[in-house]
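A structural walkthrough
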Amino acid sequence: MEIRDLQAKAAQIRMDVLNMIFRAKTGHTGGSLSNADIVTALYYRIMKIDPANPKAKDRDRFILSKGHSVESLWSVLADRGFFPKEELATFSQFGTKLIGHPNNKVPGIEMNTGALGHGLAVAVGMALAAKRDGAGYRAFCLMGDGEQAEGSVWEAAMAGAHYNLDNLVGIIDRNRLQISGSTEEVMGLEPLETKWEAFGWNVVSIDGNDMQALIDTLEAIPSAAGKPTLIMANTVKGKGVSFAENVPHWHHHVPNEHELSLALGELAATLESYRREGV
Ligand SMILES: Cc1ncc(C[n+]2csc(CCOP(=O)(O)OP(=O)(O)O)c2C)c(N)n1
Ligand SMILES: [Mg+2]
């Protein structure tokens, strides 16, 4: 898929996110909007996956360690054909598989997440297994920046460098907000890039809502021989909906009918602009 098509896809995914959360009256809106470009880049262009064979041995692995922002992932998995799109309408309803956090009963999900801080350690294990088996697959782990306050992230970071896992990619959705305010107020992280470098990772800092930058960076992996890659994806929480961007309470704000229609209108205009440019 070309960049314009990927950008249009991300706008469509953001519309799905809002519709799902509006229908369910629950969800994590801001974080799902901020990482929509990242999951789009991974699932439509970068990762080796086969929706018809979700357990293929040589598949690339993806773990959404910031499991609360699952809505954009459900939308992508449905659109890629891991399960029927109609199931998105059951999000967070009683009896659904599409609950409010990744659930490995759903094809394409590698690990149940939601308790922050656990995904990277499992991704380290997957990348190490690939190396030991002489297999070519990679492990991608998407973390939140608030999640960086969890000590277990740093144990996994040490292990990833210790085992020279250049088939391991950590991505931080660096939107500078977590649940109750800015990351720097709740638990200061800076200098975050220097910390990851000190832990032995090759750090690449980009605009995480810029599709071209995401593709260029992800296509250049491994970015340094013998080192895991950390992509500092500087994003905007609530991206794509002007009145949700950088507003802390949109972390789990459910849009009302008026907000939904304004938001869908903005995203439809974005989608249309990409389509026109793509012609
Ligand atoms: C171990 C753990 N503690 C607390 C929470 C509650 N919680 C859910 S989302 C969240 C904030 C996460 O912020 P961040 O990682 O920055 O995610 P994003 O901004 O991308 O939504 C918290 C504290 C949790 N899910 N797991
Ligand atoms: Mg955050």
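Above: the structure in question.
Quantities reported herein were computed from a predicted structural model and do not represent experimental measurements.

Position of Gln 148 among the secondary structure elements: in the loop between strand 2 (139-144) and helix 6 (151-162). Contacts of Gln 148, omitting those with residues within four sequence positions, involve Met 143, Val 153, Trp 154, Ile 172, Leu 189, Leu 192 and Trp 196.

Moving on: the coordination of the magnesium ion (ligand 2). In this structure, Asp 145 (OD), Asn 175 (OD1) and Leu 177 (O) serve as the protein donors to the magnesium ion (ligand 2), at separations of 2.1 to 2.2 Å. Between consecutive donor residues of the magnesium ion (ligand 2), the sequence gaps follow D-x29-N-x1-L. Taken together, the residues Asp 145 in the loop between strand 2 and helix 6 and Leu 177 in the loop between strand 3 (168-174) and helix 7 (183-186) connect sequence positions 32 residues apart. On the basis of relative accessibility, which here comes to 9%, the residue Leu 177 falls in the buried class.

On to the pairing of strand 4 (residues 202-207). Pairing between strand 4 and strand 5 (residues 229-234): 6 bridges, direction parallel. What sits directly across from Val 204, in strand 5, is Ile 231. Where the polypeptide runs from strand 4 across helix 9 (residues 211-219) and back to strand 5, its parallel neighbour, the crossover connection is right-handed.

Glancing now at the sheet that holds strand 5. The 5 strands are arranged 1-2-3-5-4 in an open sheet whose pairing can be described as parallel. The open sheet is flanked by strand 1 (61-64) and strand 4, the only strands paired with a single partner. Averaged over all pairs of adjacent strands, the angle between strand axes in this sheet comes to 20°, irrespective of strand direction. Relative to strand 5, strand 3 is paired through 6 bridges, and the arrangement is parallel. Pairing of Ile 172 across the sheet is with Met 232, part of strand 5. Relative to strand 2, helix 3 (residues 36-46) is tilted by about 170°, and along the sheet it contacts strand 1, strand 2, strand 3 and strand 5.

Here we come to the pattern of salt bridges. Enumeration according to the criterion identifies 13 salt bridges in this entry. A salt bridge links Asp 173 to Lys 66; the shortest N-O distance between them is 2.6 Å. Placement of Asp 173 in strand 3 and of Lys 66 in the loop between strand 1 and helix 4 (71-80) is noted, with a sequence separation of 107 residues between them. Just as Asp 173 is buried, Lys 66 falls in that class too. The partner of Glu 190 in a salt bridge is Arg 174, with the nearest N and O atoms 2.8 Å apart. Remark: Arg 174 occurs in strand 3 and Glu 190 occurs in the loop between helix 7 and helix 8 (192-198); sequence separation between them is 16 residues. Look at Glu 190 and you get partly exposed, because its relative accessible area is 40%.

Each value, and the rule that gives it
- Residues numbered from 1 in each chain as written.
- Chains lettered and ligands numbered in written order.
- Predicted model: local features only at pLDDT ≥ 70, side-chain atom pairs only at ≥ 80, totals over all residues.
- Heavy atoms only, no water.
- Helix = DSSP H or I, 4+ residues; strand = E, 2+ residues; numbered from the N terminus.
- Contact = heavy atoms within 4.5 Å.
- Donors = N, O, S within 2.8 Å, 3.2 Å for Na, K, Ca; no water.
- Buried < 20%, exposed > 50% of the residue type's maximum accessible area, 1.4 Å probe, protein only.
- Pairing = 2+ DSSP bridges.
- Right-handed = clockwise from strand over helix to strand, strands pointing away.
- Axes fitted to C-alpha atoms, helices over the stretch in contact; angles between N-to-C directions.
- Salt bridge = Lys/Arg side-chain N within 4 Å of Asp/Glu carboxyl O.

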